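Structural description and commentary
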Number of protein chains: 2
Amino acid sequence: MSEFGKVWAEIAPVGRAAGGGYLRYALTAPELTLRDWFRGQAAQRDMTVTEDGNGNLFAWRAEPWAPGTVLTGSHFDSVPHGGGYDGPLGIVSAFLAVDELPRGRKVVVAAFAEEEGGRFGVPCLGSRLLTGAIAPEKAAALRDRDGVTFAEALGYSPAGADPRIRNLSAAVELHIEQGRALTVPVGVASAIWPHGRWRMDFTGVGDHAGTTLMADRRDPMQTFAFTVLVADREARLAGAHATMGRVQVEPNATNAIPSLVRGWLDARAADTGTLDRLVGSVVREATERASRDGTGVEVTAESVTGEVAFDNALAVRLSDLLGGAPILPTGAGHDAGVLSAHVPTAMLFVRNPTGVSHSPAEHASDADCEAGVEALARVLEALT
Amino acid sequence: MSEFGKVWAEIAPVGRAAGGGYLRYALTAPELTLRDWFRGQAAQRDMTVTEDGNGNLFAWRAEPWAPGTVLTGSHFDSVPHGGGYDGPLGIVSAFLAVDELPRGRKVVVAAFAEEEGGRFGVPCLGSRLLTGAIAPEKAAALRDRDGVTFAEALGYSPAGADPRIRNLSAAVELHIEQGRALTVPVGVASAIWPHGRWRMDFTGVGDHAGTTLMADRRDPMQTFAFTVLVADREARLAGAHATMGRVQVEPNATNAIPSLVRGWLDARAADTGTLDRLVGSVVREATERASRDGTGVEVTAESVTGEVAFDNALAVRLSDLLGGAPILPTGAGHDAGVLSAHVPTAMLFVRNPTGVSHSPAEHASDADCEAGVEALARVLEALT
């Protein structure tokens, strides 16, 4: 078995559900097991582990926060029943790439907290806190589906921004590619599409499904359903992406008209203008429909991220270093996108033959993953 | 405070949630508390309590199952965040009406299990078991949302049909009216619309919401949403009722296209032909849409009940007895509908000023409830 295969096999069973997907929500037992594994990997390499008071873990090859340090890493947390590569591949590859560096290089391996937003609703929560992109009081109060706050899960109030982030000379996140856009083992990111999450609360009048005349109904499920279809249509027309994959219903009983249907709109586009027009159209049509349905709709932007253009000179340099690796954009958000506002940042993508991600079917070949480790090692060698 | 008000106040706090609605699922703590209260009420009246091996409770004024006994009562369980009157009003009224009968009358107060189907999915489960309308093995294996079977919740395997049901000479269930159809305090039921529940499993391909091209998607939320709108439209065209108020999504994450959307169709109509055509139209349009969306749809009839016409002579007799009380149909299912296939059965309705039910806003006035008790007492006096 390759070195990659051996290390990968250590974490593969952690948090794997019956269907093959992963339940590795931030700061739950499986993710805490992976964080312990991270400490073990660091100890094997005589790396110093620190936490930043925001749930992010760092393993330092040299003095923590020494000026000129290069950061690499990713996240452990998954979406519900997600794949095993999205996140952990970047951490495993980071440790293996560090093994190939001469000693004394200033490099740090990072595991960021709550990248998916799968537990507390705000993606890249750890990197946003570290860089000051979200106020620690706001992050502390975010709740999971059981009502547990982020501060409670963390065990303390998050510390917020650390100005020493400026001491990093570069950051490089390796990640599985997620859109069938890469036909060679390794590529380099150019940009992340602007994207965001909007919570839409459709309110109506809860009533008996059997006895309430159709004409008397104020059924928010109707308004929600209309909005689901509109979001899909508008995204297709705009050449953008829109998804309503999460819904909560009250009371969610077969024989009751709902009083509340809460749906989340995930929308992404190549530029901010297109994204704004897309979301504007969906909200306008939903609001008009609500007035016809006798329902209400309230929209809350839970997180909106503008376009991230990674450091172009750095991307070109890495592409050259890797023998002309393709440079491509992505619709997926990443901690690297958050870091890029403060540190010259790049991403390496590893080929995903089917493009499937956020699903148990997500997969990359061992050979491509090993090529990713080699590429990351060459990049870190050149940057440190 | 009136006698009704005093007794009502004893049970009003049990299982009441913060929003004012009730969480009284069958065989959970609040419903078990109400069953203990039932035993206490029976003891105060020197009534013998029996269980029928199906979760149904009976309090007998005379010898259990004596030929010629008249049954009255209803159920304790609620839909999630339902009102407090739907069910318990019929049990409270039964005990208070019994108090007005001369001693020695052969009457039994019943509390049926899982009338709403809110926990195990099949409504009127207790009365169906008692009358043999569902096989005990099938009922035993029904699971709640946590995977607990009905047999596990009951503590034993249900016994199934009891032929002594034929010893009853009549059954009368008092219930809050649920459709704004009653403008005087008390009415008499004529019939229950045919109705049923169909589970619709919409299957697709789970994937990343940010990176999957719209053209590559097989998103079952689209097919579900289309079906929600179709069900509403077809019900309006048919003069029937259709509701899709319950949904489960996998993985139900903001940034993931779902792999499964499971929705329940509750459909009701004045006659079986209309109901069959309504459900047929919805299933046909859903299937056609699924083929366009690249998704699948599988439909399972979880429970289907034909039209129940209550004993017409009995209804007319009770209407006369109550000074010409109006006789009206209902779209809601009831244990009385199940019993009516075996025993001459009637229902009394108590006025509901707004018609709202299966909601915290469900309400009947104390004066109307007291009128209901008086009406039920007169009916039992005449029938026993």
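Model, not experiment: these values are computed from the prediction.

1. Some details on helix H1 (residues 3-11) of chain B
Looking only at H1 of chain B, the buried set comprises Phe-4, Gly-5, Val-7, Trp-8 and Ile-11 of chain B. Residues of H1 of chain B that are buried make contact with helix H2 (29-44), helix H3 (88-98) and helix H11 (366-383) of chain B.

2. Observations regarding the interface of chain A and chain B
With 60 residues of chain A in contact, the opposing surface of chain B contributes 60 residues. Here chain A and chain B share an interface that buries about 5100 Å² over both sides, 54% of which is from carbon and sulfur atoms. There are zero salt bridges connecting chain A and chain B. Taken together, chain A and chain B are joined by 27 residue pairs in polar contact (both at pLDDT 80 or more). If you list the elements that add at least two residues to the side of chain A that touches chain B, you get strand S8 (207-208), helix H7 (220-238), strand S9 (241-250), strand S10 (256-257) and strand S11 (260-268) of chain A. The dominant element in the side of chain A that touches chain B, judged by the number of residues it contributes, is H7 of chain A, at 10 residues. Taken together, the residues that form the side of chain A that touches chain B break down as 26 nonpolar, 21 polar and 13 charged.

3. Examining the UniProt feature "binding site: Zn(2+) 2" (unreviewed entry) in chain A
Residue and element names in this part refer to chain A. Those residues carrying the UniProt feature "binding site: Zn(2+) 2" (unreviewed entry) are Asp-86, Glu-116 and His-358 in this numbering. Considering the C-alpha atoms alone, the annotated residues occupy 273 residues of sequence yet fold into one spot, their largest mutual distance being 9.9 Å. For Asp-86, a relative accessible area of 4% corresponds to the buried category. Looking at Asp-86, its side chain comes within polar contact range of the side chain of His-175, at 2.8 Å.

4. A word on unusual backbone geometry
Residues and elements named next belong to chain A. In the segment running from Glu-250 into Pro-251, the intervening peptide bond is cis, with an omega of 0°. Residue Trp-65 is not a glycine yet carries a positive backbone phi of 60°. With relative accessibility at 7%, the residue Trp-65 sits in the buried group. With phi around 55°, His-358 is a residue other than glycine that occupies positive phi space. As for its position among the elements, His-358 is in the loop between strand S15 (345-350) and helix H11 (366-383). On the accessibility criterion, His-358 (3% relative accessible area) is buried.

5. Some thoughts on the pairing of S15 of chain A
Successive side chains on a regular strand alternate, one facing one side of the sheet and the next facing the other. All names here are of chain A. Buried residues dominate S15, accounting for six of its six residues. Covered by surrounding structure in S15 are Thr-345, Met-347 and Phe-349 together with Ala-346, Leu-348 and Val-350, the residues of both alternating faces. Relative to S15, strand S5 (residues 168-176) runs parallel, the two sharing six bridges. Paired with His-175 across the bridge in S15 is Phe-349. Pairing geometry for strand S6 (residues 186-192) and S15, over three bridges, is antiparallel. What sits directly across from Val-188, in S15, is Leu-348.

6. Side note on the domain arrangement of chain A
All names here are of chain A. Annotation of chain A at the domain level lists domain 1 (3-193 + 307-383) and domain 2 (195-305). For domain 1 versus domain 2, the separation of C-alpha centres amounts to 32 Å. With 13 residues of domain 1 at the interface, the matching set in domain 2 holds 13 residues. Regarding the contact of domain 1 and domain 2, the summed buried area is about 1100 Å², with carbon and sulfur atoms giving 44% of it. The largest per-residue losses of area from domain 1 upon contact with domain 2 belong to Arg-145, Trp-193 and Glu-307, which jointly make up 51% of the total buried on that side.

7. Regarding the side chain of Glu-177 of chain A
All names here are of chain A. Checked against the element boundaries, Glu-177 lands in the loop between S5 and S6. Side-chain polar atoms of Glu-177 contact the backbone nitrogen of Gly-179, separated by 3.0 Å. Other than its neighbours up to four places away in sequence, Glu-177 contacts Leu-182, Leu-328, Phe-349, Val-350 and Asn-352.

8. Here we look at the sheet that holds strand S9 (residues 241-250) of chain B
Residues and elements named next belong to chain B. Judged by pairing direction, the sheet is antiparallel, and its four strands sit side by side in the order S9-S11-S7-S12 without closing on themselves. Bordering the open sheet on either side are S9 and strand S12 (296-305), each of which pairs with just one other strand. Going across the sheet, the axis of each strand differs from the next one's by a mean of 15°, ignoring polarity. Note: strand S7 (residues 195-203) against strand S11 (residues 260-268), nine bridges, orientation antiparallel. Each residue of the ladder has a partner; that of Arg-197, found in S11, is Asp-266. Here helix H7 (residues 220-238) sits on the sheet in contact with S7, S9 and S11, set at roughly 170° to S9.

9. Looking at the packing of aromatic side chains
This model, assessed by the stated rule, comprises 24 aromatic pairs over all chains. Seen in terms of ring centroids, Trp-8 of chain A and Tyr-85 of chain A are 4.9 Å apart; in terms of plane orientation they differ by 25°. Their pairing is stacked. Linking Trp-8 of chain A in helix H1 (residues 3-11) with Tyr-85 of chain A in the loop between strand S3 (69-75) and helix H3 (88-99), this pair joins segments that are 77 residues apart in sequence. A single burial state applies to Trp-8 of chain A and to Tyr-85 of chain A, both of which are buried. Between the aromatic rings of Phe-38 of chain B and Phe-95 of chain B, the centroid separation amounts to 5.1 Å while the plane-to-plane angle is 65°, which identifies the pairing as edge-to-face. Separated by 57 residues along the polypeptide, Phe-38 of chain B in helix H2 and Phe-95 of chain B in helix H3 bring together distant segments of the chain. A residue is classified by how much of its surface remains accessible, and Phe-38 of chain B, at 0% relative accessible area, is buried. Through a chain of ring-to-ring contacts, the aromatic side chains of Trp-37, Phe-38, Phe-76 and Phe-95 of chain A assemble into a single cluster. For Arg-246 of chain A, the ring lying beneath its charged end belongs to Trp-264 of chain A, and the centroid distance is 3.8 Å.

10. Side note on the sheet that holds S11 of chain A
All names here are of chain A. The strand order S9-S11-S7-S12 describes an open sheet built from four strands, whose pairing is antiparallel. Edge strands, defined here as strands with exactly one partner in the open sheet, are S9 and strand S12 (296-305). Neighbouring strand axes in the sheet, compared pairwise and without regard to direction, differ in orientation by 15° on average. Of the strands in this sheet, strand S7 (195-203), S9 and S11 touch H7, which is tilted by about 170° from S9.

11. Describing the side chain of Gln-222 of chain A
Within the element layout of this structure, Gln-222 of chain A appears in helix H7. Here Gln-222 of chain A falls in the buried class, since its relative accessible area comes to 6%. Once residues within four sequence positions are removed from consideration, Gln-222 of chain A is found in contact with Arg-289 and Asp-293 of chain A together with Val-228, Leu-229 and Asp-232 of chain B.

12. Quick word on the relation of the copies chain A and chain B
Superposition of chain A onto chain B requires a rotation of 180° combined with a translation of 0.0 Å along the rotation axis, giving an RMSD of 0.1 Å. The transformation relating the two chain copies, once decomposed into turn and shift, fits a two-fold axis. By C-alpha distance to the rotation axis, the residue of chain A lying nearest is Ala-225 of chain A, at 2.1 Å. In this assembly the copies share their binding face: 100% of the residues contributing to the interface of chain A also contribute to that of chain B.

13. Considering the packing of H1 of chain A against H3 of chain A
Residue and element names in this part refer to chain A. H3 packs onto H1 with a crossing angle of 135° between their chain directions and a minimal axis gap of 11 Å. By the criterion of interaxial angle, the relationship of H1 to H3 is oblique. The chirality of how H1 crosses H3 is right-handed. Seen from H1, the contacting residues are Glu-3, Phe-4, Val-7, Trp-8 and Ile-11; seen from H3, they are Pro-88, Leu-89, Val-92 and Leu-96. A class-by-class count of the residues in the contact of H1 with H3 yields eight nonpolar, no polar and one charged.

How each quantity is defined
- Here the residue numbering is sequential within each chain, running from 1 through the sequence in written order.
- To read the labels, note that chains go from A and ligands from 1, taken in the order they are written.
- At least 70 in pLDDT is required for a residue's local features to be given in this predicted model, at least 80 for side-chain atom pairs to be given and counted, and no such filter applies to totals for whole chains, interfaces and linings, which use all residues.
- For the side-chain quantities, the full set of heavy atoms in the structure was used; hydrogens and water were omitted.
- Remark: exposure states derive from per-residue accessible area (1.4 Å probe, protein chains only) relative to the maximum for the residue type, with buried under 20%, exposed over 50%, and partly exposed in between.
- Counting from the N terminus, the helices are the DSSP runs of H or I reaching at least four residues and the strands are the DSSP runs of E reaching at least two.
- The contact criterion used is simple: two residues touch if any of their non-hydrogen atoms lie within 4.5 Å.
- Values labelled buried area give the accessible surface lost by two parts on being combined, using a 1.4 Å probe and summing over both.
- One side-chain nitrogen of Lys or Arg within 4 Å of one carboxyl oxygen of Asp or Glu is enough to make a salt bridge.
- Here a polar contact is taken to be a pair of N or O atoms separated by no more than 3.5 Å, where protein atoms must pair a possible hydrogen donor with a possible acceptor and residues adjacent in sequence count only if both atoms sit in side chains.
- Lys, Arg, Asp and Glu make up the charged group, whereas Ala, Val, Leu, Ile, Met, Phe, Trp, Tyr, Cys and Pro make up the nonpolar group; the residues left over, Gly among them, are polar.
- UniProt positions are given in the numbering used here, feature names are shortened, and annotations may be inferred rather than shown by experiment.
- A strand pair is defined by DSSP finding two or more bridges across the two strands.
- These domain boundaries are the output of an automatic or database domain assignment.
- Between N-to-C directions, angles cover 0 to 180 degrees, with each direction set by a line fitted to C-alpha atoms, over the stretch in contact for helices.
- Pairing of aromatic rings covers Phe, Tyr and Trp, the last through its six-membered ring, and needs centres within 6.5 Å; plane angles under 30 degrees mean stacked, over 60 mean edge-to-face, and all others mean tilted.
- As a reminder, the over-ring test applies to NZ of lysine and CZ of arginine, requiring each to be within 6 Å of the ring centre and within 35 degrees of the ring normal.
- Copies overlap after least-squares fitting; the atoms used are the C-alpha atoms of residues with pLDDT of at least 70 in both.
- Should an angle lie under 35 degrees it is considered roughly parallel, over 145 roughly antiparallel, and from 65 to 115 roughly perpendicular; all remaining angles are considered oblique.
- It is the rotation of the near helix from the far one that decides the hand of a crossing: anticlockwise by less than a right angle makes it left-handed, clockwise makes it right-handed.

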